[in-house]
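Summary of structural features
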Amino acid sequence: MGLIYFPPQNNADIINIMELNKLIKNVFTEEQIGYLRDIAFNGETHLCQERGRNDVFIGPDIRQDIKDKVKSYFDEGYELYHVTYSEYSPDHGIPNLPEHRDPKYDHTSLTFDYQFEANVIWPMCAEGICHDMKDNDALIFDPQNMDHLRPPRDFKPGDYVRVFFFFLKKV
Ligand SMILES: [Fe+2]
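The structure reproduced in this document is the subject of the present report. As the structure is a prediction and not an experimental result, all values here were calculated from the model. (Residues numbered from 1 in each chain as written. Predicted model: local features only at pLDDT ≥ 70, side-chain atom pairs only at ≥ 80, totals over all residues.)

Concerning the sheet that holds strand β1 (residues 45-48)
Judged by pairing direction, the sheet is antiparallel, and its six strands sit side by side in the order β1-β2-β3-β10-β5-β8 without closing on themselves. The outermost strands of the open sheet, each flanked by one partner alone, are β1 and β8 (138-141). Neighbour-to-neighbour, the strand axes of this sheet turn through a mean angle of 25°, independent of strand direction. Here β1 pairs with strand β2 (residues 53-59) via four bridges, running antiparallel. Counted as the bridge partner of His46 is Asp55 from β2. Of the strands in this sheet, β3 (78-88), β5 (109-118) and β10 (161-170) are in contact with helix α2 (residues 64-71), which crosses β3 at around 100°. (Pairing = 2+ DSSP bridges. Helix = DSSP H or I, 4+ residues; strand = E, 2+ residues; numbered from the N terminus. Axes fitted to C-alpha atoms, helices over the stretch in contact; angles between N-to-C directions. Contact = placed C-beta atoms within 7 Å.)

Take a look at the structure:
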């Protein structure tokens, strides 16, 4: 068998290095955050009192540059199929997220958990590693195969944590 020559890789070719459970900083631009704010604050809300949060089910239709940005953190072949905006606040119950894994669907689903804005720190933990998320940070995790939670926290009136969940699956 002859030798196969691989030319040296240019750094520009190395893209899409998907890293699970590692904090991603500075995801969206100010303009994109403004667009997300419009969607979040003008959508129809669904109370999830059990978790102390209000949800807006956005679905798969979101601006292309937002999709492209999220997908840039994933391996080739992952597609965005759903987006939800959620606000955790004592206005909606007692915010809580005990340790769990998500139910298994017919496909593997990864979550791009994006902190939109919060006025308290409420770490997000997956597989025993906790991240103090700041605004415009995100975390990718495998919710069906990784235990995940937010530690119990005493929310005061006016405290909130606002997030977007981007759900992706391999197609
Ligand atoms: Fe979950």
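Past the structure itself, the notes keep going.
Focus: the nonpolar core
Among the nonpolar cores identified, the biggest contains 25 residues, and Phe112, Tyr114, Leu139, Ile140, Phe164 and Phe166 are the most heavily contacted of them. Every element with two or more residues in this core is listed here: β3, β5, β6 (124-126), β8 and β10. Ranked by the residues each element gives to this core, the list is headed by β10, at five residues. Leaving out residues up to four positions away in the same chain, Phe164 has contacts with Leu36, Val83, Tyr85, Tyr114 and Phe116. (Core = buried A, V, L, I, M, F, W, Y, C linked by C-beta atoms within 7 Å. Buried ≥ 20, exposed ≤ 12 C-beta atoms within 10 Å, placed from the backbone.)

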